[in-house]
Amino acid sequence: LIVGVTAVIAAVVVILLVVVVGGDTDKRTPEQIDALFQAGLEMQTAGDAEGADAKYTEILRADPDNTLALYNSAVIRHADGRLDAAEDRYRQAIAADPNMASAHFNLAVLLTSAGRTDEALAQYRTALAIFPDDPGLLHNYGQLLIATGDVEQGAAQVARAIELDPSLLADG
């Protein structure tokens, strides 16, 4: 009976070491990560959001700060309506690369839809500090400023966006 208990304890210790310390299952070469990312992009493009997110999540187990996997996973979760999960991934992408304007922009869109206007405005300002002449950023930022009552500043931002991209007139 003691030999059996010892064997069980030894097996539990091995399992704990693999789980806590990390087994080789999460180690990937840069080439393997690239291949997973390409597979995720192909699935995402083909409309298989669940499969793509699984590939990005697999990348993140091996490389938790992979900005593109974080961002693409956030976009998928945002589109699927998993807003808390999307917000977490956008924030992780921003932490990994504070200059990723698209993550700030999409987080601002998410926060706007959640009614968190002050946070959204801050994200738009950060994105605009990175890309000050991006028409989409300027347009959305201006629209939000107008919605919050800052009509003069908002109109100026929208006018600048239209100056940079006249096709925005058709978008309203």
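In the block above lies the structure referred to throughout.
Calculation notes
- Residues numbered from 1 in each chain as written.
- Predicted model: local features only at pLDDT ≥ 70, side-chain atom pairs only at ≥ 80, totals over all residues.
- Heavy atoms only, no water.
- Helix = DSSP H or I, 4+ residues; strand = E, 2+ residues; numbered from the N terminus.
- Buried < 20%, exposed > 50% of the residue type's maximum accessible area, 1.4 Å probe, protein only.
- Contact = heavy atoms within 4.5 Å.
- Areas by Shrake-Rupley, 256 points an atom, 1.4 Å probe, with all protein chains shown as cover.
- Axes fitted to C-alpha atoms, helices over the stretch in contact; angles between N-to-C directions.
- Parallel < 35°, antiparallel > 145°, perpendicular 65-115°, else oblique.
- Left-handed = near helix turned anticlockwise from the far one by under 90°.
- Polar contact = N/O pair within 3.5 Å; in protein donor to acceptor, adjacent residues only side chain to side chain.
- Phe/Tyr/Trp six-rings, centres within 6.5 Å; stacked < 30°, edge-to-face > 60°.
- Expected span 1.5 Å × (residues − 1).
- Arc of directions from axis to C-beta.

Caption draft 1: Geometry of the overall build of the protein. A tally of regular secondary structure across the protein gives 10 helices and 0 strands. In the protein, the order of α-helices and β-strands from amino to carboxyl end is α-α-α-α-α-α-α-α-α-α. Taking all 172 residues of the protein together, 32% fall into the buried category. A sequence separation of at least 24 residues applies to 40% of the contacts in the protein between residues at least 6 apart. Accessible surface, the protein as shown: approximately 9,900 Å² in total, 59% of it carbon and sulfur.

Caption draft 2: Broad picture of the packing of helix α4 (residues 67-79) against helix α6 (residues 101-113). Relative orientation of the contacting elements α4 and α6 amounts to 20 degrees, with a least axis distance of 11 Å. By the criterion of interaxial angle, the relationship of α4 to α6 is roughly parallel. In this structure, the crossing between α4 and α6 has a hand that is left-handed. Counted together, Tyr71, Val75 and His78 of α4 and Ser102, Ala103, Asn106, Val109 and Leu110 of α6 form the full contact between these two elements.

Caption draft 3: Looking closely at the environment of Tyr90. Mapped onto the elements of the fold, Tyr90 is located in helix α5 (residues 83-96). Among the residues examined, Tyr90 registers a relative accessible area of 1% and is labelled buried. As for Tyr90 and Arg77, which are separated by 13 residues in sequence, their C-alpha atoms are 10.0 Å apart. Apart from the residues lying within four places of it in its own chain, the contact partners of Tyr90 are Tyr71, Ala74, Val75, His78, Ala103, Asn106, Leu107 and Leu110. Among the polar contacts made by the side chain of Tyr90, one reaches the side chain of His78 at a distance of 3.0 Å.

Caption draft 4: Fine view of the packing of aromatic side chains. Under the definition given, this model contains 4 aromatic pairs. Plain terms: the ring middles of Phe37 and Tyr56 are 5.6 Å apart, the flat faces sit at 45 degrees to each other, and that makes the pair tilted. In this pair, Phe37 sits in helix α2 (residues 30-45) while Tyr56 sits in helix α3 (residues 49-62), placing the two residues 19 residues apart along the sequence. Relative accessible area serves as the criterion here: at 14%, Phe37 is assigned to the buried category. The exposure class assigned to Tyr56 is buried, which follows from its relative accessible area of 0%.

Caption draft 5: α5, seen in detail. End to end, α5 covers 20 Å across 14 residues, agreeing with the expected 20 Å (1.5 Å per residue, within 8%). All of the buried residues in α5 are Ala86, Glu87, Arg89, Tyr90, Ala93 and Ile94. Down the axis of α5, the buried side of the element spans an arc of 165 degrees, and every buried residue falls inside it. Residues of α5 that are exposed and angled more than 90 degrees away from the buried face: Asp84 and Ala95. On the buried face of α5, the contacting elements are α3, α4, α6 and α7 (117-130).

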